[in-house]
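Summary of the model geometry
Read off the chains here:
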Amino acid sequence: MTQTDPNRVLIFDTTLRDGEQSPGATMTHEEKLEIAQLLDEMGVDIIEAGFPIASEGDFAAVSEIAKQAQTATICGLARANFKDIDRCWEAVKHARSPRIHTFIGTSPLHRAIPNLTMDEMADRIHDTVTHARNLCDNVQWSPMDATRTEWDYLKRVVEIAIKAGATTINIPDTVGYTAPVESADLIRRLIAEVPGADDVIFATHCHNDLGMATANSLAAVAGGARQIECTINGLGERAGNTALEEVVMALKVRHDIMPWSTGVDTTKIMNISRRVATVSGFAVQYNKAIVGKNAFAHESGIHQDGMLKNAETFEIMRPADVGLTETNIVMGKHSGRAALRSKLKNLGYELADNQLNDMFVRFKALADRKKEVFDEDLVALMRDTAVEVGNERIQVKFLRVICGTEAPQSADLTLTIDGKDEQVTATGDGPVDATFNAVKKLFPHEAVLQLYQINAVTEGTDAQATVHVRLEQDGRIATGQSSDTDTVVASAKAYVTALNRLLVRLGKTAPDADVKGISYKDVG
Ligand code: KIV
Ligand code: ZN
């Protein structure tokens, strides 16, 4: 172990790489820069900013993040081939502290994909890690699917990577298969048995398929790992990754039995969690640990009574520890511009004067329809304002639906398409179906609706609904979301937003268009 403090655990955030890989979570360039800045400010040690070979967009984002980062090490991902590694270096080399992360799948299932024998793969690992180390003195190597790799082979390839110059060895539980006891044991045995293990940092990278990612990561630390790989809100493919906020808060709250610490400023957690939820389109589940809407809410009479007498009866951490402010001023139609500015600042949004004016108009329109405008309403409004300017070929101009017990339900819709208003009436099985049919009549397309989800932003019959829509066509995925007190209007806008984004993505060609178009099997 090369660190000076043996109890310091490095936090490696991969929201912008592994997190962004989850279907539909694609972020814009500006959004990636913003999230990277927030990660840097909160004290994350290493930011995996993307997969530079995957697309021009990924390359540009990683390069820009590398230039802007103040303290964090900036890392890029590369498969086990020289082209990927060179491209990765071109992007990260601008950072004050750059890192190349190269990987290859070492389990029997993953070895079969590039059709390499064990010896051929071992040679490939030696050559690619050596190549990376010749470019950069900070190299991370990962045997993908390590937890399903034969023990002897895992030991052998880890030793090769260390000898070739890797400075961090990451042990991924790629499919979320391991369990805490096994996770601790695996790292402990690798450190004990692999020659040279004491000279590198071992990292843990856990997926959450069995809901054990956070427990597995902490167990790996108990086994000797000193870097945890994680994402904000646990964003990531399938069931996601270890959630940054969970490991960091667990280490803070249970320092008595887990004597390891991180450099993360936990008071910045809530803000970044909200921003990631907004820009990725992946809402945080209400009962999610630490960052869920209900994580600090006390509903039952007994709990409320206990809380009023002594908050510690039902809270093991204070809301302020994760950056939740208790001064919850509710905004309404009499609130002015200054109050709105200050409220938005508390929620993590600093607006220029013209943006504030625009937001104020939207806020007033909502306040006219809704008695009280809560924090969540404002976050939803902000999200809807942050549209990709210039990419909106289609806009919802007018919608009226007829619904009720008498079928068929119908929608009278006007869309502005490429600057021209077009009107149609369509029927369907319910008002939302009728509305989506109307969009299809006005703008025929092949996209398939993969997800349609409604959440109430706050309580009450006048609450805004946030609608999430995910569309898929030719392997390209795009999400849209919108909030309105009228659920059908929110649905129409969310659908049209997803469609606009999909059109942009379909207009580009692989592999430049989207990181999800790239295949991990391409090692050569
Ligand atoms: O889960 C995984 O194995 C990965 C690797 C690319 C490190 O994300
Ligand atoms: Zn992963």
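What comes next is a walk through the structure.

Definitions and cut-offs
Residues numbered from 1 in each chain as written. Chains lettered and ligands numbered in written order. Predicted model: local features only at pLDDT ≥ 70, side-chain atom pairs only at ≥ 80, totals over all residues. Heavy atoms only, no water. Phe/Tyr/Trp six-rings, centres within 6.5 Å; stacked < 30°, edge-to-face > 60°. Lys NZ or Arg CZ within 6 Å of the ring centre and 35° of its normal. Pairing = 2+ DSSP bridges. Helix = DSSP H or I, 4+ residues; strand = E, 2+ residues; numbered from the N terminus. Axes fitted to C-alpha atoms, helices over the stretch in contact; angles between N-to-C directions. Contact = heavy atoms within 4.5 Å. Buried < 20%, exposed > 50% of the residue type's maximum accessible area, 1.4 Å probe, protein only. Donors = N, O, S within 2.8 Å, 3.2 Å for Na, K, Ca; no water. Polar contact = N/O pair within 3.5 Å; in protein donor to acceptor, adjacent residues only side chain to side chain. Near = heavy atom within 4 Å. Areas by Shrake-Rupley, 256 points an atom, 1.4 Å probe, with all protein chains shown as cover. Core = buried A, V, L, I, M, F, W, Y, C linked by side-chain atoms within 4.5 Å. Disulfide = S-S within 2.5 Å. 1 Å grid on protein atoms, 1.4 Å probe; cavity = no way out; pocket = protein on both sides within 12 Å on 5 of 7 lines; lining within 4 Å. Points joined across faces, edges and corners; volume = space filled by probe spheres on them. Nonpolar A, V, L, I, M, F, W, Y, C, P; charged D, E, K, R; others polar. Parallel < 35°, antiparallel > 145°, perpendicular 65-115°, else oblique. Left-handed = near helix turned anticlockwise from the far one by under 90°.

1. Brief notes about the packing of aromatic side chains
- Evaluated as defined, the whole model comprises three aromatic pairs.
- For the cation-ring pair, R87 lies above F59, with the distance from its terminal atom to the ring centre recorded as 3.7 Å.
- Geometry around Y286 places K293 over its ring, the cationic atom sitting 5.4 Å from the centre.

2. Some words on the sheet that holds strand β9 (residues 394–402)
- Read across the open sheet, the three strands follow the order β9-β10-β11; overall the sheet is antiparallel. Each end of this open sheet is capped by a strand with a single partner; those strands are β9 and β11 (420–428). The mean inter-strand angle of the sheet, taken between neighbouring strand axes irrespective of direction, is 20°.
- The pairing of strand β10 (residues 409–417) with β11 spans nine bridges and is classified as antiparallel. Residue I417 lies in a different strand from β11, and its bridge partner there is K420.
- Sheet strands in contact with helix α16 (residues 431–442) are β9, β10 and β11, and its direction is about 135° off that of β11.

3. A short note on the pairing of strand β14 (residues 476–484)
- Within β14, nine of the nine residues are buried, which leaves it mostly tucked inside the rest of the structure.
- From the end of strand β13 (residues 465–473) to the start of β14, which pair antiparallel, there are two residues, and D474 there has a positive phi angle of about 50°.

4. Remarks on the coordination of the zinc ion (ligand 2)
- Those donors, D18 (OD), H205 (NE2) and H207 (NE2), are the protein atoms that reach the zinc ion (ligand 2), and they lie 2.0 to 2.1 Å from it.
- Read N to C, the donor residues that coordinate the zinc ion (ligand 2) are spaced as D-x186-H-x1-H. Here the residue D18 occupies a position in helix α1 (residues 15–19), and H205 occupies one in strand β7 (residues 201–206), the gap between them amounting to 187 residues.
- Overall, D18 belongs to the buried group, its relative accessible area being 3%.

5. A look at the side chain of D18
- A distance of 2.9 Å separates the side chain of D18 from the side chain of H205, its partner in a polar contact.
- Excluding anything up to four places from it in sequence, D18 contacts H205, H207, G236, E237 and N241.

6. So, the site of ligand 1
- For ligand 1, the full set of nearby residues is R17, D18, H101, F103, S142, M144, P172, T174, H205 and H207.
- With respect to ligand 1, the side chain of D18 contributes an N or O atom lying 3.0 Å from an oxygen atom.
- In this structure, T174 approaches ligand 1 through a side-chain N or O atom, which is 2.6 Å from an oxygen atom.
- Surface burial for ligand 1 is 97%, taken as the share of its 260 Å² of free accessible area covered by protein chains.
- Listed by contribution, the elements that provide at least two residues to the shell around ligand 1 are α1, β4 (98–105) and β5 (139–144).

7. Remarks on the environment of P143
- Looking at the secondary structure, you find P143 in strand β5.
- P143 gets classed as buried once you look at its relative accessible area, which sits at 0%.
- Separated by 26 residues in the primary sequence, P143 and I169 have C-alpha atoms spaced 8.5 Å apart.

8. Remarks on the sheet that holds strand β12 (residues 448–456)
- Taken in spatial order, the three strands of this open sheet run β12-β13-β14, and their pairing is antiparallel. The two strands at the open ends of the sheet, each matched to only one other strand, are β12 and β14. Across this sheet, the average inter-strand angle for adjacent strands is 15°, counted without regard to direction.
- Two elements, β13 and β14, share nine bridges in a ladder whose sense is antiparallel.

9. Observations regarding the nonpolar core
- Core analysis: the largest hydrophobic core is formed by 87 residues, its most contacted members being W141, V158 and I169.
- With 30 residues, the next largest nonpolar core counts F443, L471, Y495 and V496 among its residues.

10. Here we look at the side chain of T73
- Following the sequence through the fold, T73 ends up in strand β3 (residues 73–79).
- In this structure T73 comes out as buried when scored by relative accessible area, which is 11%.
- Each residue touching T73, except ones within four places of it in the same chain, is listed here: D45, I46, I47, S97, P98, R99 and N138.

11. Quick notes on the state of the cysteines
- All told, the structure shown has zero disulfides when counted by the stated rule.
- Free cysteine C136: the closest other cysteine sulfur is in C88, separated by 8.1 Å.

12. Quick word on empty space enclosed by the protein
- Applying the stated criterion across every chain, the model contains one cavity of 30 Å³ or more.
- As a volume, the largest cavity reaches approximately 50 Å³.
- Lining the largest cavity are T147, I171, D173, T178, S183, L186, I187, T204, C206 and A220.
- Here the lining of the largest cavity takes three residues from helix α8 (residues 180–193), the largest share from any one element.
- In the lining of the largest cavity, the residues fall into five nonpolar, four polar and one charged.

13. Here we look at the packing of helix α2 (residues 29–42) against helix α11 (residues 269–280)
- Between α2 and α11, the least distance of the axes is 11 Å, while the angle of their chain directions is 165°. When the axis of α2 is compared with that of α11, the two are roughly antiparallel. The way α2 lies across α11 gives a crossing that is left-handed. Residues E31, E34, I35, L38, L39 and M42 of α2 form the contact with α11, whose participating residues are I269, N271, I272, R275, V276 and V279.

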